[in-house]
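The residues making up each chain are set out below.
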Number of protein chains: 2
Amino acid sequence: MNLFRFPARRAFAHCAPFPRRTHNCGDLNASHVGARVVLAGWLLPGRKGKLVSFFPLKDSYGTTQLILSHSQGFAELSALADVSAESSVLIEGTVSLRPEKDRRQGTTGEIDVQVEKFTVLNQAAPTLPFTPSNPFNLPNDDLRARYRYLDLRRTALSDNIKKRNFLEVETPVLLRSSPEGAREFLVPTRLPNANVSEKPLFYALQQSPQQPKQLLICSGGVDRYFQLAKCFRDEDGRKDRQPEFTQVDLEMAYVSWGPDIPAPSGFSDEWRIGGSEVRQVVESLIRKIWLQMEGITLPDQFRVMTYREAMTRYGSDKPDTRFGLEIMNITPHLPPDILSAYERNEEVLECIIVRKSRDSNFIRASKACKDNLDTCHIHFSQSNAETWLKGSGLGCELLNRLTPDRQVQLNTTLGLRYGDDIWLSKRSALPKGGSTSLGRVRLRLSELAQMHGDFAITADPHFLWITEFPLFTRADEDKDFLAKGRWSSSHHPFTAPMWQDIEAMYRGDIEQVRGQHYDLVLNGVEIGGGSVRVHDAAMQDYIFGKVLQVSGCRREGSSFYSLIGTLLLAFFPNAIFLCVFSFVSTFWWLPYATLAIAGEVPLAEHHLPISNFELTEQEKAPFDQLLHALKCGAPPHGGIALGFDRLMAILCKTQSIRDVIAFPKTSTGTDLLFKSPATIIEEALRQYGLRSRAETNTGGA
Amino acid sequence: MNLFRFPARRAFAHCAPFPRRTHNCGDLNASHVGARVVLAGWLLPGRKGKLVSFFPLKDSYGTTQLILSHSQGFAELSALADVSAESSVLIEGTVSLRPEKDRRQGTTGEIDVQVEKFTVLNQAAPTLPFTPSNPFNLPNDDLRARYRYLDLRRTALSDNIKKRNFLEVETPVLLRSSPEGAREFLVPTRLPNANVSEKPLFYALQQSPQQPKQLLICSGGVDRYFQLAKCFRDEDGRKDRQPEFTQVDLEMAYVSWGPDIPAPSGFSDEWRIGGSEVRQVVESLIRKIWLQMEGITLPDQFRVMTYREAMTRYGSDKPDTRFGLEIMNITPHLPPDILSAYERNEEVLECIIVRKSRDSNFIRASKACKDNLDTCHIHFSQSNAETWLKGSGLGCELLNRLTPDRQVQLNTTLGLRYGDDIWLSKRSALPKGGSTSLGRVRLRLSELAQMHGDFAITADPHFLWITEFPLFTRADEDKDFLAKGRWSSSHHPFTAPMWQDIEAMYRGDIEQVRGQHYDLVLNGVEIGGGSVRVHDAAMQDYIFGKVLQVSGCRREGSSFYSLIGTLLLAFFPNAIFLCVFSFVSTFWWLPYATLAIAGEVPLAEHHLPISNFELTEQEKAPFDQLLHALKCGAPPHGGIALGFDRLMAILCKTQSIRDVIAFPKTSTGTDLLFKSPATIIEEALRQYGLRSRAETNTGGA
């Protein structure tokens, strides 16, 4: 099946796979004449003619003039003339030399690009707060500050940022507090007149630069961003976590499916999502580090595995592939009646076989390992050869139907020998969460075998990408506070669905939707994660409002939205929810802010009681700016964050990140050297409009 | 006068100028045999013999074995054998080859250094919490965390930090809140059991990494540190200030007076303080930036000017030397009776002459410039040639004695011509603060002349070091909260006095004491500042307790302190305060924490009322760790911080730092894009043990 030309998907064409840029808009000159090129950038207002139109195409590097011929069978292209200014477009065309009289100074002043094909990647809303490409009509400072992501698209400003950091951009640490404020650190601010009854005001310390970095790329001011970002999380004491930590943070515009869009082959060991540029940059970075620091040459491309395969074979979404003991699905080998019963229940029966022959170095570990509630441990011998599965005590009545004959048949299929150990478990057919019971047993066996000195794990680093995670998960107890029993984002609500699953998402098959998320795993440790982001405001809107189901959610109407809505309705007439589009005129969102700000960092739990959950107007819109930025012609983009502390701990071959941090805090977040946190005097609290509850309780007022 | 051999200064020998290291302790090998070298590092426990003793000398790079001969007229050297382990020492000696049988693997394993001279730079306290050089007897994690600066001296740990950052070290952003908490941002932490009456606990966001970076260098784990440090200050809205900003932060061990200690010449355009390595590194960094970004080759060494000269000639501690209009002191040209009256009052009369001949491009500006209360503006003409000074209206009766004759005589001395403009002002003879009235007039004249198009200022960058600032200033109103009408540090309390002024400081001539502080000024803008730090715990103790006069201050006694105290008493028998040494046995300090944490950043003002100033035990010791670290053989050290935002604004030729920050905040600290700060729900406050005052006032409880 060709996934990319399915007609119903025209509505999502702007989210479809697209090829990698061959050049940026500041690259081309006379030496490229005749070359076929792929460019991406913002379409600026042009001169429209009857036969030919001219449009400047701008990106973070420069501007190239496009020529659009309205004749000669290029009629279809004329639609480009109707695309609103500041929209993000991909152009395929041929470089042509300008007539002598039209040549200008500067790199791209000698050439034009004859447009042969174009894709609107993100249509800008027809009216923007202001037009960054027009330097003569800039609004006042406050308006520009409010829409900083448009202001940064101005060359004058983005040049400063570029000069400053060579594209290493610093983002604010002091961000907005989200309504629940459960797991961020808050920073109270002094009130102008603290004696009057003013509500206290707070910043929040960034959990990751997720929103700022997306806004930066949306602005177009920066094409590729990186930062060694200091991040903060107010977590309950966990081993190997710090309240402040550092991540290597990347974000890139126009991340694509690669130089040539891969034909889908059906294999699950392929990178079948966007973000190929992120993959390439990270692999090259990691290769350099390992070569320089360890003297190890890593492969040109790291292995890729889908979430489903990782969960099935290793029982983990961050599998340690340095040793075997792979999990085996027994279900297909069961007699048809039992098999179909399992299928009806959407369950599978799986096992790890510790073979005396092949896995002798794990036999002692297997003996020493304790069963837990979800697994069962069987030593395979003559005495139980005909009954072990039936009598496994996994509480599965189905297995009672298993006759000795069939059992022996299964033994043969599994290649069992006396002396082998079997670890058995049952789980739901659709893998969920980060690990399965057998996945945990597998790791324990390796640990024990190493402890016993039976098994020496390889020193070679095993890098592995895990992709195609489920985009949404049923909120578990931890996330229930935010999701209220509905769906929640597996990583964060900005991750784009896989192109192949967009329809399913709009159809409401939420469980089936896979995200364009990727985790980088090293030796069973997640060292980074990221995704291709949603760049379509309507889709982001839908994810917030419909999938994550915020009740009472209203949306901003615009003719562009109406258009998308109408298109969607045309293709999915049964999708009643879509009629919400275009009828209402302001957003507001219930608080997904922690989800949002948590960014690349895995989501934290939320324990705050929700009974008293009242939001002021001010608290309702932590995503306004991102949604609006998406509407201003944001390019498709994606990024990643690598956990710097953990990476360094691995390179330093130490178990604790505290050994690679100059002044660490304890697992409970205290600093024994600087003796923080500490109390402050009540007087100091007053200026923030705060008082201690203890003070009030002991009679002070 | 030879300032460096004055016998009374033996007591301060460990603070005296010392030559630059020629090598580090990991450098030397057989190829250096016979070379005369200067090394610095920590003296480790050695093998003491009758004739010869061996000591390892360790620094951040390696270990070199020292040989100390007790015979052959080296008797004086034997004292080295009595220096306590982990003391910081400077060694001068000659490299010798080891006998074949004693040679070891590794760089320094083939050689020894025959000690010819040594200086104890910092004697370690005789009992340390633990001995970092002994890997076999490490205390528990908590104790090591508390004394992280000793722990980091262990090679195993410091190697991790080095591997991590190539000596770029990250320091904590979440630091300790100081008792007053006036100008830091505070971060409340969740309480384990928020319903019980617990006192709320807070971190404070770092104002600069001042204490961590000093501790890092004190540890010996890192020899030269740098960081692009994010800093935070809760300031009232100021133009061109941000609540979060970035500084290029440096700190270096063993900063010295240069390869050869300069003989003091008496000229005030010389670098007559320590920290020559900091100067060199910064100049080289700035030269590289200007060459790369501006194509400008800067001079090999930047100009140096003392604070006194800058204030006298330019009326500013950050003079803009791109134009003339220098200030002239008239006082010496006045008749003797008037002159001596001025001298009695400790005042000077000074002027700026805008000469029609030479300064014609400032004449229009001078006309347009407004007088203020402290200056007087005179247009010199035939009509006032004999009376202008007498009638200047500066409110100075002394000038009434000036006869027309003497006035004309003065006119000749000053070279006045009709049509010249004179700006006149009177000030105290000892310059104070950041600028004088005439200094401000001078800048205004330049601004106006540029506005009128009469004067085009040079595009060449004028870099300039200002040194020899007064170490202490009488607390002005702003700093009065902390200093309570006593002395306060001009920059911060960790800056070392000039070697020449140590005696004056201990004598109580506080006003005379100049600090080893240096500011880097570019075109009249301060772009950085730093200092050589106090590395002597007793001196730091004295500065806190006696100069900054914290009442009720007690000090820790130790035999080393007794020794210093006794020596000081011997040389300064009238210094009664010194007997405080050695009698008491614990520290506690009133809250200088803002002074401390403010670090390189100029001190902020403090408005908090002090009436209710009660400190808990926990709040009393924000400097314990630094003072203790100084006692563990801290090396002499110094550093600097450059304001990165301002530097970039200058390079980008923009007036506002907001133009070089991707997502800036307004001058009142609000973020119009992310809409921060924002309110939070009262529920969220509860977990921090806090409540809103507004809530309480409106009846909630």
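Model, not experiment: these values are computed from the prediction.

Engineer: Help me out: how do you make sense of unusual backbone geometry in this one?
Structural biologist: What is expected of a backbone is that most residues other than glycine have negative phi and most peptide bonds are trans. That bond from Ser676(A) to Pro677(A) is cis: its omega, -5°, falls within 30 degrees of zero. Tracing the sequence through the fold places Pro677(A) in the loop between helix 17 (644-651) and helix 18 (682-686). With a phi close to 55°, Leu325(A) is a non-glycine residue in the positive phi region. Located in the positive-phi region is Lys675(B), a residue other than glycine, with phi close to 60°. Among the structural elements, Lys675(B) can be located in the loop between helix 17 (644-651) and helix 18 (682-686). For Lys675(B), a relative accessible area of 27% puts it in the partly exposed group.

Engineer: Hey, could you run me through the state of the cysteines in this one?
Structural biologist: One covalent bond between the sulfur atoms of two cysteine residues makes up a disulfide. With the rule as written, the count across this model stands at zero disulfides over all chains. The cysteine Cys351(A) is free of any disulfide, with Cys376(A) supplying the nearest cysteine sulfur at 10 Å. Residue Cys632(B) stays outside any disulfide, its sulfur separated by 8.7 Å from that of Cys218(B), the closest cysteine.

Engineer: What am I meant to see in helix 4 (residues 210-219) of chain A here?
Structural biologist: Two residues of an α-helix separated by three or four positions point the same way, owing to the 3.6 residues in each turn. Residue and element names in this part refer to chain A. For helix 4, the tally of buried residues reaches 10 of 10 residues, placing the bulk of the element in the interior. Residues Gln 210, Gln 211, Pro 212, Lys 213, Gln 214, Leu 215, Leu 216, Ile 217, Cys 218 and Ser 219 constitute the buried set of helix 4. Among the residues trailing helix 4, Gly 220 stands out with phi positive, at a value near 85°.

Engineer: Help me out: how do you make sense of the sheet that holds strand 7 (residues 186-189) of chain B in this one?
Structural biologist: For sheets, the rule is that strands pair by backbone hydrogen bonds, running either parallel or antiparallel. Residue and element names in this part refer to chain B. Strands sit in the order 6-8-7 across an open sheet of three strands; the sheet is antiparallel. In the strand order of this sheet, the two ends are held by strand 6 (174-176) and strand 7, each with one partner. Strand-to-strand, the axes of this sheet are offset by a mean angle of 50°, without reference to chain direction. Judged from the three bridges that link them, strand 6 and strand 8 (residues 201-205) form a sheet pairing that is antiparallel. Bridge assignment links Arg 176 to a residue of strand 8, and that residue is Tyr 203.

Engineer: I'm lost on the sheet that holds strand 2 (residues 52-58) of chain B in this one. Help?
Structural biologist: All names here are of chain B. Spatially, the five strands close up into a barrel ordered 1-2-3-5-4, and their pairing is mixed. Strand-to-strand twist across the sheet, computed as the mean angle between neighbouring axes with direction ignored, equals 50°. The pairing of strand 1 (residues 36-43) with strand 2 spans two bridges and is classified as antiparallel. Within strand 2, the position partnered with Trp 42 by the bridge is Lys 58.

Engineer: I'm lost on the packing of aromatic side chains in this one. Help?
Structural biologist: Under the criterion given, the structure shown has 38 aromatic pairs over all chains. Between Trp290(A) and Phe463(A), the aromatic rings sit 5.0 Å apart at their centres with planes inclined by 90°, giving edge-to-face as the arrangement. Of this pair, Trp290(A) sits in helix 5 (residues 276-294) while Phe463(A) sits in strand 16 (residues 463-467), placing them 173 residues apart in sequence. Each of the two residues, Trp290(A) as well as Phe463(A), counts as buried. Seen from their ring centres, Phe323(A) and Phe362(A) are 6.1 Å apart, and the 35° between their planes marks the pair as tilted. Of this pair, Phe323(A) sits in the loop between helix 6 (307-314) and strand 12 (328-329) while Phe362(A) sits in helix 8 (residues 360-368), placing them 39 residues apart in sequence. By relative accessible area, Phe362(A) is classed as buried at 5%. Every member of this aromatic cluster is reached through a ring pair, and the members are Trp271(A), Trp465(A) and Tyr518(A). A cation sits over an aromatic face here: Arg474(A) above Trp487(A), 4.1 Å from the ring centre. Its guanidinium or amino end placed over the ring of Phe323(B), Arg442(B) lies 4.0 Å from that ring's centre, counting from NZ or CZ.

Engineer: Looking at this structure, I do not really get helix 9 (residues 404-414) of chain B. What am I missing?
Structural biologist: Residue and element names in this part refer to chain B. Taken together, the buried positions of helix 9 are occupied by Gln 407, Leu 410, Asn 411 and Leu 414. For helix 9, the buried positions fall inside an angular range of 105° around the axis, keeping them on one side. In helix 9, the exposed positions angled more than 90 degrees off the buried face are occupied by Asp 405, Gln 409 and Thr 412. The secondary structure elements touched by the buried residues of helix 9 are strand 12 (328-329) and strand 13 (347-354). At the exit of helix 9 stands Gly 415, carrying a positive phi of roughly 65°.

Engineer: Honestly, the packing of helix 5 (residues 276-294) of chain B against helix 17 of chain B in this entry has me stumped. Any pointers?
Structural biologist: The description of two packed helices rests on the angle between their axes and on the distance between the axes. Residues and elements named next belong to chain B. Contact pair helix 5 / helix 17: the axes reach a minimum separation of 12 Å and the direction vectors enclose 35°. Of the two possible hands of crossing, helix 5 and helix 17 adopt the one that is right-handed. Contact residues: helix 5 offers Ile 286, Ile 289, Trp 290, Met 293 and Glu 294, while helix 17 offers Leu 647, Ile 650 and Leu 651. Along the lines of polarity and charge, the residues of the contact of helix 5 with helix 17 split into seven nonpolar, no polar and one charged.

Engineer: Help me understand the confidence of the model for chain A, please; the structure alone is not making it clear to me.
Structural biologist: One rule of thumb: low pLDDT means the predicted coordinates there are not for detailed reading. Residues and elements named next belong to chain A. Per-residue pLDDT for chain A averages 79, and the proportion of residues at 70 or more is 80%. In the predicted structure, residues 1-8 sits below a pLDDT of 50 and forms 13 contacts with residues beyond four places in sequence or in another chain. With pTM at 0.78, the complex prediction returns an ipTM value of 0.77.

Engineer: Where do I start with the packing of helix 8 (residues 360-368) of chain B against helix 10 (residues 437-451) of chain B in this structure?
Structural biologist: Residues and elements named next belong to chain B. Their axes nearest at 8 Å, the elements helix 8 and helix 10 cross at an angle of 110°. Classified by the angle between their axes, helix 8 and helix 10 sit roughly perpendicular to one another. Where helix 8 crosses over helix 10, the handedness of that crossing is right-handed. Together, Asn 361, Phe 362, Ala 365, Ser 366 and Ala 368 of helix 8 and Leu 445, Ser 446, Leu 448 and Ala 449 of helix 10 make up the contact between the two elements.

Engineer: Teacher, can you tell me more about the environment of Leu414(A) here?
Structural biologist: Residue and element names in this part refer to chain A. Take Leu 414: it is sitting in helix 9 (residues 404-414). With 360 residues separating them in the primary sequence, Leu 414 and Phe 54 have C-alpha atoms 68 Å apart. Once residues within four sequence positions are removed from consideration, Leu 414 is found in contact with Met 328, Ile 330, His 333, Ile 353, Arg 355 and Trp 388.

Engineer: Just checking my understanding: could you explain the pairing of strand 7 of chain B for this structure?
Structural biologist: Looking along a regular strand, one sees side chains alternate from face to face of the sheet. Residue and element names in this part refer to chain B. The alternating pattern of strand 7 places Leu 186 and Pro 188 and Val 187 and Thr 189 on opposite faces, both of which are buried. The pairing of strand 7 with strand 8 spans four bridges and is antiparallel. Across the sheet, Thr 189 pairs through a bridge with Leu 201, a residue of strand 8.

Rules of the game
Residues numbered from 1 in each chain as written. Chains lettered and ligands numbered in written order. Predicted model: local features only at pLDDT ≥ 70, side-chain atom pairs only at ≥ 80, totals over all residues. Heavy atoms only, no water. Helix = DSSP H or I, 4+ residues; strand = E, 2+ residues; numbered from the N terminus. Buried < 20%, exposed > 50% of the residue type's maximum accessible area, 1.4 Å probe, protein only. Disulfide = S-S within 2.5 Å. Pairing = 2+ DSSP bridges. Axes fitted to C-alpha atoms, helices over the stretch in contact; angles between N-to-C directions. Phe/Tyr/Trp six-rings, centres within 6.5 Å; stacked < 30°, edge-to-face > 60°. Lys NZ or Arg CZ within 6 Å of the ring centre and 35° of its normal. Arc of directions from axis to C-beta. Contact = heavy atoms within 4.5 Å. Left-handed = near helix turned anticlockwise from the far one by under 90°. Nonpolar A, V, L, I, M, F, W, Y, C, P; charged D, E, K, R; others polar. pLDDT = per-residue confidence, 0-100. Parallel < 35°, antiparallel > 145°, perpendicular 65-115°, else oblique.

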